[in-house]
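Structural overview
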Amino acid sequence: MRFRKFRTIMKRDWQLYLFMLLPVTYFVIFKYLPIAGLQIAFRKYTARGGIWNSAWVGLDNIKKFIESYQFGRVVSNTFLLSIYSFAVCMIVPIVFALIYNTIEKPRFKKATQTIVTLPYFVSIVVLVGIMMQLFNNRTGIYGNIYELIFGRYPEDIFANPRAFRHLYVLSSVWQTFGWNSIIYIATLSGVDANLHEAAQLDGASRMKRVWHVDLPHLVPTIVIIGVMNMGRIMSVGFEKAFLMQNSLNIKYSELISTYVYNVGLGGVYQSDFSLATAVDLFNAVLNLILIFVANKIARRMTDTSLW
């Protein structure tokens, strides 16, 4: 009986299932089948033995990473940069959406949203190239203005380890805040105009209406996006960190993602596929724990959660 019902549904909606075929195939090939390769983390991988026949070593690779001198620096760098990026990249789009919602001129609103959204479509490679041109201490705008004012060239920002986090986060804000604010703007468009009118009749200023009407309406959206972002908080973007990294700022720029690349492909350290996989698995488990903790905290504090 169930088979007949299933066959009837398939015959009726075969076009929809045909559309699903390509994305399902993609996820199976590139997301689910590679899970079998995670066993490399528990083996001493060799090209001759392959994934299935290399020697089983259990948790030795994870212990090796935890006991290495790089563990503390890599994890702390990733965590601090992630928290910094998470906080700033969450706050700025919310503030922009609240300000944008107060604009009354439609043409100005459209132009503003277009301008702030465009940087999102700039590739990471181009973005880092622009940063290096702008902040070059001799030929860039930063270097020329500094030399014009003080009569000497400034220090190289990209050679300053402490400047790495600020450059990384502020450039991410510039690139993504317009795009990330779209969902908040869409949420604010659903606020009942009668609430604002009632608040105005009670003598509430524009700032008070933002605080007591608009912001509470945004809280569920903020919580959901925050919990989802916590699931990848330790997976800071590899591309930008790798492109901005050099031998002078590596004290702060060596993250888990760049460490995995260097260990796995022998960029700086001796190539070790098993160790690289173990570190990446360790990071994935850490992200999983963080999203569960964040979801539980959100459910207790706001009654809003992913599950």
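See the structure above.
Looking only at helices and strands, the protein chain has 15 helices and two strands in total. Here the protein chain has a C-alpha radius of gyration of 25 Å; the compact-globule value for 307 residues is 19 Å, and the former is much larger. Structurally, the protein chain occupies a C-alpha span of about 85 × 75 × 40 Å along its principal axes. Relative to its 307 residues, the protein chain shows a buried fraction of 36%. Of the accessible surface of the protein chain, which amounts to about 19600 Å², a share of 67% is contributed by carbon and sulfur atoms. Each charge class in the protein chain can be summarised by its mean position, and for the 30 positive and 16 negative side chains these summaries are 8 Å apart.

Counted under the stated rule, the structure contains 20 aromatic pairs. Considering the side-chain rings of tyrosine 45 and phenylalanine 273, the 5.7 Å spacing of their centres and the 85 degrees angle between planes classify their relative orientation as edge-to-face. A residue pair is termed long-range when its members are at least 10 positions apart, and tyrosine 45 in the loop between strand E1 (43–44) and helix H3 (50–53) and phenylalanine 273 in helix H15 (residues 273–302) qualify at 228 residues. Assessed through its relative accessible area of 28%, tyrosine 45 is described here as partly exposed. On the accessibility criterion, phenylalanine 273 (44% relative accessible area) is partly exposed. On the numbers, 5.3 Å between centres and 85 degrees between planes, the contact of phenylalanine 96 with phenylalanine 177 is edge-to-face.

Time to look at helix H4 (residues 60–67). Taken together, the buried positions of H4 are occupied by Asn61, Ile62 and Phe65. What you see down the axis of H4 is that its buried residues fit within an arc of 100 degrees, all on one side. Packing partners of the buried residues in H4 comprise E1, helix H5 (70–100), helix H14 (256–265) and H15.

Below, the discussion takes up the pattern of salt bridges. Evaluation of the coordinates by the stated rule reveals three salt bridges. As a salt-bridge pair, aspartate 272 and lysine 64 come within 3.4 Å of each other at their nearest N and O atoms. Of this pair, aspartate 272 sits in the loop between H14 and H15 while lysine 64 sits in helix H4, and the two are 208 residues apart along the sequence. Ionic pairing is found between arginine 206 and aspartate 214, a salt bridge with its closest N-O pair at 3.4 Å. When its relative accessible area of 29% is taken as the criterion, arginine 206 is described as partly exposed. Judged by relative accessible area, aspartate 214 falls into the buried class, the value being 0%.

Within the largest apolar cluster, 35 residues are counted, with the highest numbers of intra-cluster contacts made by Leu81, Tyr168, Tyr184, Leu218 and Met244. Those elements that place two or more of their residues in this core are H5, helix H7 (124–134), helix H9 (163–188), helix H11 (206–230) and helix H12 (238–244). Looking at which element gives the most residues to this core, the answer is H9, with ten residues. Every residue in contact with methionine 244, bar those within four places of it in the chain, is listed here: Val128, Met131, Phe158, Phe164, Leu167, Tyr168 and Asn249. One finds Phe65, Met230, Tyr259 and Ala294 within the second-largest nonpolar core, a separate group that totals 14 residues.

Among the structural elements, isoleucine 256 can be located in helix H14. The sequence separation of isoleucine 256 and arginine 12 amounts to 244 residues, and the corresponding C-alpha distance is 49 Å. With residues near it in sequence (within four places) discarded, isoleucine 256 still touches Val74, Val75, Thr78, Met234, Val279 and Asn283.

A separate point is the side chain of asparagine 295. Mapped onto the elements, asparagine 295 comes out in helix H15. Take asparagine 295: its relative accessible area is 1%, and that puts it in the buried class. Once residues lying within four places of it in the same chain are set aside, the contact partners of asparagine 295 are Val227, Ser305, Leu306 and Trp307.

Looking now at the layout of surface pockets. By volume, the largest pocket is sized at about 940 Å³. Around the largest pocket, the lining is made up of 27 residues, and of these Cys89, Thr176, Asn180, Asn229 and Arg232 lie nearest the centre. Mapped by element, the contributors of at least two residues to the lining of the largest pocket are H5, H9, H11 and H12. When residues of the lining of the largest pocket are assigned to their parent elements, the largest contribution, nine residues, is made by H9. Counted by class, the lining of the largest pocket contains 15 nonpolar, nine polar and three charged residues.

Criteria and cut-off values
- Residues numbered from 1 in each chain as written.
- Predicted model: local features only at pLDDT ≥ 70, side-chain atom pairs only at ≥ 80, totals over all residues.
- Heavy atoms only, no water.
- Helix = DSSP H or I, 4+ residues; strand = E, 2+ residues; numbered from the N terminus.
- Rg over C-alpha atoms; globule rule 2.2 N^0.38 Å.
- Buried < 20%, exposed > 50% of the residue type's maximum accessible area, 1.4 Å probe, protein only.
- Areas by Shrake-Rupley, 256 points an atom, 1.4 Å probe, with all protein chains shown as cover.
- Lys, Arg positive; Asp, Glu negative; His and termini not counted.
- Charge placed at Lys NZ, Arg CZ, Asp CG, Glu CD.
- Phe/Tyr/Trp six-rings, centres within 6.5 Å; stacked < 30°, edge-to-face > 60°.
- Arc of directions from axis to C-beta.
- Contact = heavy atoms within 4.5 Å.
- Salt bridge = Lys/Arg side-chain N within 4 Å of Asp/Glu carboxyl O.
- Core = buried A, V, L, I, M, F, W, Y, C linked by side-chain atoms within 4.5 Å.
- 1 Å grid on protein atoms, 1.4 Å probe; cavity = no way out; pocket = protein on both sides within 12 Å on 5 of 7 lines; lining within 4 Å.
- Points joined across faces, edges and corners; volume = space filled by probe spheres on them.
- Nonpolar A, V, L, I, M, F, W, Y, C, P; charged D, E, K, R; others polar.

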